[in-house]
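# Reading the structure
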Amino acid sequence: MKPAILFPILISFLLLTSCGNQKTQEVASTPDIPEKVELRNEGVFIHHQMFGKGDTTLLFVHGWCIDQTYWNQQIEALKDQYQILAIDLVGFGKSGKNREKWSMEAYGRDIRAAIDQLKLENVILIGHSMGGDVILEAAIENDKVIALIGIDNFKDVGQGLDEKAQEEIGNFMTMLKGNFSVVAPAYAEQFLFHPNMDTTLREQLKSDFASSDSVSAIGSLEALFSYAEKEAKQLTRLKQKLYLINSTAIPANWEGLIKSGASYEVFDIDGTGHYPMLEKPQVFNKLLEQALQKISTQHSEE
């Protein structure tokens, strides 16, 4: 999610707010499933958990400043039907942080490495927010991946940044580097939350943003902003179909995605912010199951 034009609002907002980083209760408890294989890529440990059994694997990739536990309600609903792999992106959760260069390409290689090391077949990649670009990188020319499901992403493909927007992003990144534990949760509060979001969830997210590793978080966010131009080019190479479950809170501009020629289908979800899988899990899960059913039907016909 790249709301560059809104950064001036954030700067004003930060003058009036402060955020603590005291940990609140967990979003959901993670089932105690042991990892059978230790995943590593390019010398970095990748924490993962596997659930269920099946011929098709759902590989869940979280977004910025959160971790794999944000998928717990989807894992619980689907683990009896699919094999599921949930990972912590490098730099977040329990994964290693010893990476010098942060990029969407490196994250994509991590996902590819997980698929190869675990010998997965018929993989459906599911990526939230920044995770959308990660799964895009992982899917290009990868015959193990049969489809992608993006969660609240690919809404502004190919939308260039003018000089003013670039300046505002630079100002925001400077603020983030200067006081990460205050600026990061304030950013979430201002741009990512729905007004009706549950208070406990709101505080949990702010706490997780504030307590994220600042080096990993800042490096990956800078990489996300710089990836925007390549995103459009990579979509032209995507052979698998892209299914999108997107909040209607921020209107989408589909012109760039259409221009890319990528095959896609959108499932709208109302009344949520940037975290529909947490804000309306039952509604979200039904849409996710619809997308999975369409993928199954398409795959069986090929």
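Coordinates for the structure precede this section.
This text gives an overview of the structure that appears in the document. (Residues numbered from 1 in each chain as written. Predicted model: local features only at pLDDT ≥ 70, side-chain atom pairs only at ≥ 80, totals over all residues. Heavy atoms only, no water.)

A few words on the overall build of the chain. The helix and strand tally for the chain stands at twelve helices and nine strands. The buried share of the chain, taken over its 302 residues, is 55%. Long-range contacts, defined here as pairs at least 24 residues apart, represent 74% of the contacts in the chain between residues at least 6 apart. As displayed, the chain offers around 13,500 Å² of accessible surface, 47% of which is attributable to carbon and sulfur atoms. (Helix = DSSP H or I, 4+ residues; strand = E, 2+ residues; numbered from the N terminus. Buried < 20%, exposed > 50% of the residue type's maximum accessible area, 1.4 Å probe, protein only. Contact = heavy atoms within 4.5 Å. Areas by Shrake-Rupley, 256 points an atom, 1.4 Å probe, with all protein chains shown as cover.)

One way to put it is that helix H3 (residues 104-117) packs onto helix H4 (residues 131-139) with a least axis distance of 7 Å and a crossing angle of 60 degrees. Classed by the angle they form, the pair H3 and H4 counts as oblique. In the crossing of H3 with H4, the sense of the turn from one axis to the other is right-handed. Across the interface between the two elements, Met-104, Glu-105, Tyr-107, Gly-108, Ile-111 and Arg-112 of H3 pack against Asp-133, Val-134, Glu-137, Ala-138 and Ala-139 of H4. Taken together, the residues of the contact of H3 with H4 sort by class into six nonpolar, one polar and four charged. (Axes fitted to C-alpha atoms, helices over the stretch in contact; angles between N-to-C directions. Parallel < 35°, antiparallel > 145°, perpendicular 65-115°, else oblique. Left-handed = near helix turned anticlockwise from the far one by under 90°. Nonpolar A, V, L, I, M, F, W, Y, C, P; charged D, E, K, R; others polar.)

Here we take up the environment of Ser-211. Relative to the helices and strands, Ser-211 is located in helix H7 (residues 199-211). As a C-alpha pair, Ser-211 and Pro-185 span 26 residues in sequence and 9.3 Å in three-dimensional space. A polar atom in the side chain of Ser-211 sits 2.8 Å from the backbone oxygen of Ser-207. (Polar contact = N/O pair within 3.5 Å; in protein donor to acceptor, adjacent residues only side chain to side chain.)

Bringing the nonpolar core into the picture now. Formed by 92 residues in total, the largest nonpolar core has its most connected members in Trp-64, Leu-125, Ile-149, Leu-176, Phe-209 and Tyr-275. In contact with Leu-176, other than residues within four places in its own chain, are Trp-64, Val-183, Ala-184, Ile-218 and Leu-221. (Core = buried A, V, L, I, M, F, W, Y, C linked by side-chain atoms within 4.5 Å.)

Further remarks concern the sheet that holds strand E3 (residues 48-51). Two modes of strand pairing occur in sheets, parallel and antiparallel, and in both the strands are linked by backbone hydrogen bonds. Taken in spatial order, the seven strands of this open sheet run E3-E5-E4-E6-E7-E8-E9, and their pairing is mixed. Looking at strand neighbours, the two that pair on one side only are E3 and strand E9 (264-269), the edges of this open sheet. Between one strand and the next, the sheet's axes are offset by a mean angle of 15 degrees, whatever the strand orientation. (Pairing = 2+ DSSP bridges.)

This paragraph deals with the environment of Val-61. Residue placement: Val-61 occurs in strand E4 (residues 57-61). Along the primary structure Val-61 and Gly-150 are separated by 89 residues, whereas in three dimensions their C-alpha atoms are 9.7 Å apart. Ignoring sequence-local partners within four residues, the contact set of Val-61 consists of Trp-71, Leu-89, Ile-111, Ile-126, Gly-127, His-128, Gly-131, Val-134 and Ile-135.

Now for the pattern of salt bridges. One pass over the full model with this rule turns up 17 salt bridges. One salt bridge connects Glu-76 with Lys-79, and the closest N-O pair in it is separated by 3.2 Å. Looking at Lys-79, the relative accessible area reads 24%, which means it is partly exposed. The salt bridge partner of Glu-189 is Arg-202, with a shortest N-O separation of 2.7 Å. Taken together, the residues Glu-189 in helix H6 (residues 180-191) and Arg-202 in helix H7 connect sequence positions 13 residues apart. By relative accessible area, Glu-189 is classed as partly exposed at 23%. Through salt bridges with shared partners, one network takes in Glu-42, Arg-99, Arg-109 and Asp-110. (Salt bridge = Lys/Arg side-chain N within 4 Å of Asp/Glu carboxyl O.)

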